[in-house]
Each structure stands twice: as C-alpha cells, then as structure tokens.
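# Examining the three-dimensional arrangement
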Amino acid sequence: MSSTVNTSPKTFRVKSFGCQMNVYDGERMAELLAAEGMSAAGEGDDADLVVLNTCHIREKATEKVYSDIGRLRRKDGSAPLIAVAGCVAQAEGEEIMTRAPSVKVVVGPQSYHRLPEMVAEAASGKRATETDMPAEAKFAALPKRRKSAPTAFLTVQEGCDKFCTYCVVPYTRGAEISRPFADLVEEAKLLVAGGAREITLLGQNVNAWQGEDDKGRSIGLDGLARTLAADPDLKRIRYTTSHPNDMTDGLIAAHGELEKLMPFLHLPVQAGSDRVLKAMNRSHTADSYLKLLDRIRAARPDIALSGDFIVGFPGETDAEFEATLRLVDAVGYAQAFSFKYSPRPGTPAATMPDHVPAPVMDERLQRLQAALNRDQLAFNQASLGKTCQVLVERRGKHPGQWLGKSPWLQSVHFVGESEIGQMVTVKLVEAGPNSLAGQLI
Ligand code: 5AD
Ligand code: SF4
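Since the model is a prediction, treat every value here as computed from it, not as a measurement. (Residues numbered from 1 in each chain as written. Chains lettered and ligands numbered in written order. Predicted model: local features only at pLDDT ≥ 70, side-chain atom pairs only at ≥ 80, totals over all residues. Heavy atoms only, no water.)

Ligand 2 sits among Cys 160, Lys 162, Phe 163, Cys 164, Tyr 166, Cys 167, Val 169, Pro 170, His 243 and Arg 282. Tallied by class, residues from the shell around ligand 2 come to seven nonpolar, one polar and two charged. (Near = heavy atom within 4 Å. Nonpolar A, V, L, I, M, F, W, Y, C, P; charged D, E, K, R; others polar.)

Next comes the structure, spelled out in structure tokens:
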C-alpha cells in the first residue's frame, strides 16, 4: 500500500459529488481550509490534501468513491492525504479505512467544521473519524462567507423526516433541522455583498423550513424568501428540493406575488402509480400531486416544473410503470431527473420482495427518458419568441458569447456586450433540448 505524506498539507482540492447541498458543503470546506492558511491547488496541479465529498444516494455513486480513491496519485506516484466527507462517510464510517487504507480522514456532513483539526491529526500519523450528528450547528463554526459567484447556494434546512422507503437521506443527513432566520439573513447579505445576484435556498426538504422572524413571528420558507427579496441587490431567489406535502398555501401564494421568486419548481413525484407511491411511503397520490400543481399553476401560470422519478421500484408492474408515463404526459415537465431504483443498505425497500430485473428497469428508464426529453424540448420550443431576463454566469466557448439562465432555469447563450453577474434582457430565438439562443435587446 502507498504511504501518505506525513507533513501538514499546504494545498488542497475538494471534489464534490451528488446533490447541490454537497456543492454547498464543498464550498464551505474549501473556505474553511483556506481560512486555515492552505491554498486551493491549481487546475492540473498536485494537491497535498484531497477531500472527496461523497454521495450515497445510489449504489453507483458510492462505488465511484472507491475507484476514485484508488486512482488518486500525485505526479511522483505518492498518494495525497485523502479525506472522505459527505454521505458515504456518514453511512460507512471507519469501514472506509478498512476498504481503502489510504484514507486517513472520514468526516460526516454534520461534522465537517472539524476538518482542519482532523487533517492535522492525520498529518501527524493518526487516523481521524467523526460521524456524530450533533444537534448544535456546524454553521456557527464555519468562517463567514466572502466572495461569491453571481449564483450562490445557501443551505437553510438539512435532513429529512419523511423516510421514503428507498432513501438513505434520513440516515445520512439525519432529522430535519431548520437554520435560524437571523443566521440565514446574515449569510445571504454576505453572499450578496460578495457578488451573488441569485440565491438558491437549499434543503433536502427545503419547503419544510420553519423559523421565527425578527419580531418573533413563526414563518415558513415564503416568509424567508420575502425577507431576502427586500435586498435590492439580490435579483433572484430559487429553492430546492421540495416535498409535495410541504407546499403550503403561503408558499404557493408567494409564487404569484413575489417577483424575485423565480417561476421554477422542482417537485419530485417519483412514480405515477398510487400503489407504488404508497409502498414508497410518499404520502401523496398521483391525483393529489396533480391537484397541487393545478393550485401552483393558478398562482403562477408560467411556472416551469421539474421532478425526480424512480423506475423499477420493487414490485413495480408494467401497468404501474405506464401510470408514471401518464403522469408525465399530464404534467409536461420542463426538465426532470430519472433513475433506476437502487437498493440501499438499511432502507425498508431493500428487503421488499419482487425486485425488478435489470433489463426491465433499463427499458423503463429509456421510455421514461424519451418522454421527459420530448417534453423538455417542447417546453424550450414553447419559449421561442419570449423576451426574458438572463443572469449572466460565465463566458461561452465562442468569442463574445455569454451563458446564463432564464427565469425558468433554461441555459441561454447570447453574443454581445456583457459581463458576469449582469442581468440582461434577451429575446429567445432558437431552442434545443438543453439550451436556447437569445438575442440581446
Ligand atoms: N434508488 C434510485 N433513486 C433514488 N433516489 C433516492 N433514493 C434512490 C434509490 N435508492 C432518487 C429520488 C430522489 C433523488 C434525489 O434521487 O428520485 O428524489
Ligand atoms: Fe429521501 Fe424522501 Fe426525504 Fe426526499 S423526502 S430526502 S426522497 S426520504
């Protein structure tokens, strides 16, 4: 086995996999390491410390961690100091070091504020593991936010109490907690001061966020969004991921009233058959989901919808899968994510009977994705001729080209005078499956 450098690391790289919350956590870990005097390794340069910020949601994501660990080598052939963070760290703990002895630090998603001291321990030759889920906030121990891209993530809620029977999140991210209102207002202010023009509020069940405002009144996510929207330099607010059962009247109304709340909603449904939804413990039906969408569309007629789907949940029949296709047809999603069911250790579904054979799952996924792609293209084509605002995020590949997002979270490219962070008005003139061309107005 390879040996690890036994000196304090000076450079680091954080690689995040999986969801947007991991992206957020990865940024915060990088800020934390930088505050300790380490510097981010440049593109293509060796790093003394590599943090793999991992995802446990499906088996493939988990296995990827181990193949990545095996491949981590510096140019002289030695292994960097490897830290495994994120949900695989939480789920597998010290086991990771048994399977991959080059890993010296294992730190769960609720403990990464301790990363610098754990790295120091590891650099002195010890191994360090921390997978406690303390209720006290890691956030308070993190350095204050500084520079930000035009679009920023802000974790407002973590964890999940829903216990969908296929999902590891309640085990890896723990029980639902909401970060305090005042902390979020402060973090948002710092992000905006650092350059953010759009903030996406994050949570595994973001719309379950609850807090007390500065007058002691209980508020939900809509109240938080209203407060943040009062900052004139913040132009856009988004939030993800939501559970249908936590779409409150207030939040629905906010979509009609709050101009800065973007007309886009990621609202996973997972499947279209009520029997499957019940076995998944989703606590909504296909019909209650569709009725909810009707109310949301009544508040904000142009809202773009996104979803998550699982095909091949244990026991799913052909007829039950067809119900998913019918639901997709009924909704007309602007975009969506779809996955083959992956049995996760410790979840109730993993021990349910009648697992669906792989070729059947493959075929169902293909059919579902064909339908979703068709609808995504149709949604983009229906946007042609519209004039909308685009928040410029980066330069495109071609000279003079810029890339950004429409209010409906479509990628838009255009050519002309602009700069990163600017809000421009464009007319949408060409539509592809994954992006649109805009003309500066
Ligand atoms: N298998 C396949 N997909 C899953 N998801 C969650 N758990 C599993 C699993 N065991 C999907 C759900 C969820 C998204 C983040 O990942 O669709 O909404
Ligand atoms: Fe997982 Fe269900 Fe919670 Fe979403 S709501 S994180 S799918 S348990």
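Another aspect to go through is the site of ligand 1. Taken together, Ile 57, Arg 58, Tyr 166, Gln 270, Asp 308, Ile 310, Phe 339, Lys 340, Tyr 341, Ser 342 and Arg 344 make up all the residues around ligand 1. At 2.6 Å, a side-chain N or O of Asp 308 approaches an oxygen atom of ligand 1. Here Ser 342 contributes a backbone N or O atom positioned 2.7 Å from a nitrogen atom of ligand 1. Considered on its own, ligand 1 offers 400 Å² of accessible surface; in the complex 87% of this is hidden by protein. Of all the secondary structure elements, the ones that give two or more residues to the shell around ligand 1 are strand S15 (304-311) and strand S16 (335-340). Here the shell around ligand 1 is built from residues that sort into five nonpolar, two polar and four charged. (Polar contact = N/O pair within 3.5 Å; in protein donor to acceptor, adjacent residues only side chain to side chain. Areas by Shrake-Rupley, 256 points an atom, 1.4 Å probe, with all protein chains shown as cover. Helix = DSSP H or I, 4+ residues; strand = E, 2+ residues; numbered from the N terminus.)

Looking now at the pairing of strand S13 (residues 236-240). Most of S13 is tucked away, with five of its five residues classed as buried. Side chains of S13 alternate between two faces, with Arg 236, Arg 238 and Thr 240 and Ile 237 and Tyr 239 buried alike. (Buried < 20%, exposed > 50% of the residue type's maximum accessible area, 1.4 Å probe, protein only.)

Okay, the packing of aromatic side chains next. Counted by the stated rule, this structure contains four aromatic pairs. A ring pair is formed by Phe 163 and Tyr 171, whose centres lie 5.6 Å apart and whose planes are at 75°; its orientation type is edge-to-face. In this structure Tyr 171 comes out as partly exposed when scored by relative accessible area, which is 37%. Here Tyr 166 and Phe 313 contribute two aromatic rings whose centre-to-centre distance is 6.4 Å and whose plane-to-plane angle is 85°, an arrangement assigned as edge-to-face. Taken together, the residues Tyr 166 in the loop between strand S8 (157-158) and helix H6 (169-172) and Phe 313 in the loop between S15 and helix H12 (318-331) connect sequence positions 147 residues apart. Phe 313 matches Tyr 166 in its accessibility class, with the two residues each being buried. In textbook terms, an aromatic cluster arises when at least three aromatic residues are bridged by ring pairs, as seen for Tyr 166, Phe 313 and Tyr 341. Note that Arg 58 overlies the ring of Phe 339, its terminal NZ or CZ placed 3.6 Å from the centroid. (Phe/Tyr/Trp six-rings, centres within 6.5 Å; stacked < 30°, edge-to-face > 60°. Lys NZ or Arg CZ within 6 Å of the ring centre and 35° of its normal.)

Moving on, we come to the sheet that holds strand S7 (residues 151-155). The three strands are arranged S7-S10-S13 in an open sheet whose pairing can be described as parallel. Since the sheet does not close on itself, it has two edges, and those belong to S7 and S13, each with one partner. Each adjacent strand pair in this sheet contributes to an overall mean axis angle of 25°, direction not counted. Across five bridges, the pairing between strand S10 (residues 198-202) and S13 is parallel. The residue of S13 that forms the bridge with Leu 201 is Tyr 239. Packing against the sheet, helix H1 (residues 20-35) makes contact with S7, S10 and S13, and its axis sits at approximately 95° to S7. Sitting on the sheet, helix H8 (residues 221-229) touches S10 and S13, and the angle it makes with S13 is about 155°. (Pairing = 2+ DSSP bridges. Axes fitted to C-alpha atoms, helices over the stretch in contact; angles between N-to-C directions. Contact = heavy atoms within 4.5 Å.)

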